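# Chain and residue survey
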Amino acid sequence: MRKKFVAGNWKMNTDAARARELAGQVVAGLAAQPAWAAKVQVAVCPPFPYLATVAEALKGSSVGLGAQNCHHEAAGAFTGEVSPVMAKDVGCHYVILGHSERRHKMGETDAQINQKAKAALQHGLTVILCVGETLAERQEQRTLKVLEEQFHGGCLGLGKDQMAKVVLAYEPVWAIGTGHNATPEQAQEAHAFLRSRAAAEFGPEVASRLQILYGGSLVPDNAPQLLAQPDVDGGLIGGASLDAGKFLKIIEAGAR
Ligand code: PEP
């Protein structure tokens, strides 16, 4: 039985005071609802400068901390970059890799994402690996091909034991930040397909344990239907994670 997992991607938002406040609101909301916390794994992924602040606010709670990216080297002459060792050192348990904004705005390739995933896993982080098709790719009926390529490319060379520390996030690019979420049927089709690819590449046991999150305009209103799909194991939440009330409602939907 896979546990539901709801993670907030704060992207390039908040300031130190707001990050502390938002993390505190999530911690307090979960403390008031122990049944949700028991059923749903929760994490927040603030911008790099606020990781330490948020780590402090999450202390003693069950809410995990994640970074939004990392470099593939542990240290060295990489001005402006943050290594997986640093993310781990500041208290991160997770790192988001391959987010569509990094693929499409920063030009990250599957090969680079794969390098980062290997480094993150080597240094003890759990990887939230994002995959997803653009609108044009969906309209050209290339969704499953794109998912297969991004999954294969991102996980290339990983062992079965390493795959136990990978969480997938299916995030259709056309649904991110647009208010147009995938339908539950579209999400289920993509998630079931990704699980079948995981079974083909890493075996049925890895596939059956793999958490696959849905991301893309997931909000309290559509969360119950999306999170009820058999292969949807939770959500990666952008906009709605900046509002603790909305984020907690999505967690509540995951706990049903
Ligand atoms: C995201 O950025 O991962 C995301 C899913 O954003 P939103 O929820 O705002 O669509």
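What counts and what doesn't
- Residues numbered from 1 in each chain as written.
- Predicted model: local features only at pLDDT ≥ 70, side-chain atom pairs only at ≥ 80, totals over all residues.
- Heavy atoms only, no water.
- Buried < 20%, exposed > 50% of the residue type's maximum accessible area, 1.4 Å probe, protein only.
- Helix = DSSP H or I, 4+ residues; strand = E, 2+ residues; numbered from the N terminus.
- Pairing = 2+ DSSP bridges.
- Phe/Tyr/Trp six-rings, centres within 6.5 Å; stacked < 30°, edge-to-face > 60°.
- Near = heavy atom within 4 Å.
- Polar contact = N/O pair within 3.5 Å; in protein donor to acceptor, adjacent residues only side chain to side chain.
- Areas by Shrake-Rupley, 256 points an atom, 1.4 Å probe, with all protein chains shown as cover.
- Nonpolar A, V, L, I, M, F, W, Y, C, P; charged D, E, K, R; others polar.

Another point: the pairing of strand β1 (residues 4-9). Of all 6 residues making up β1, 5 are buried, and the element is well covered by its neighbours. Looking at chain direction, β1 and strand β2 (residues 40-45) are connected through 6 bridges and run parallel. Bridging from a neighbouring strand, Phe5 pairs with Gln41 of β2. Relative to strand β8 (residues 234-237), β1 runs parallel, the two being bridged by 4 bridges. Its bridge partner being in β8, Ala7 is matched across the sheet by Leu236.

Here the focus is the packing of aromatic side chains. The tally for this structure, following the rule as stated, stands at 3 aromatic pairs. Look at Phe151 and Phe202: their rings are 6.2 Å apart centre to centre, the planes differ by 85 degrees, and that puts the pair in the edge-to-face class. Here the residue Phe151 occupies a position in helix α8 (residues 143-155), and Phe202 occupies one in helix α10 (residues 184-202), the gap between them amounting to 51 residues. By the burial criterion, Phe151 is buried, and Phe202 matches it. A centroid spacing of 6.3 Å and a plane angle of 55 degrees characterise the contact between Tyr170 and Tyr214, whose relative ring orientation is tilted. Taken together, the positions of Tyr170 in strand β6 (residues 166-170) and Tyr214 in strand β7 (residues 212-214) put the pair 44 residues apart, joining distant regions of the chain.

Turning our eyes to something else, we now look at the site of the ligand. Residues in contact with the ligand amount to 14 residues; listed here are only the nearest, Lys11, His99, Glu171, Gly177 and Ser217. Between Lys11 and the ligand, the recorded distance is 2.6 Å, taken from a side-chain N or O atom to an oxygen atom. Within the contact set of the ligand, an oxygen atom lies 2.8 Å away from a backbone nitrogen or oxygen of Gly239. When the ligand sits alone it has 300 Å² of accessible area, and the protein chains cover 95% of it. Split into classes, the residues belonging to the shell around the ligand amount to 4 nonpolar, 8 polar and 2 charged.

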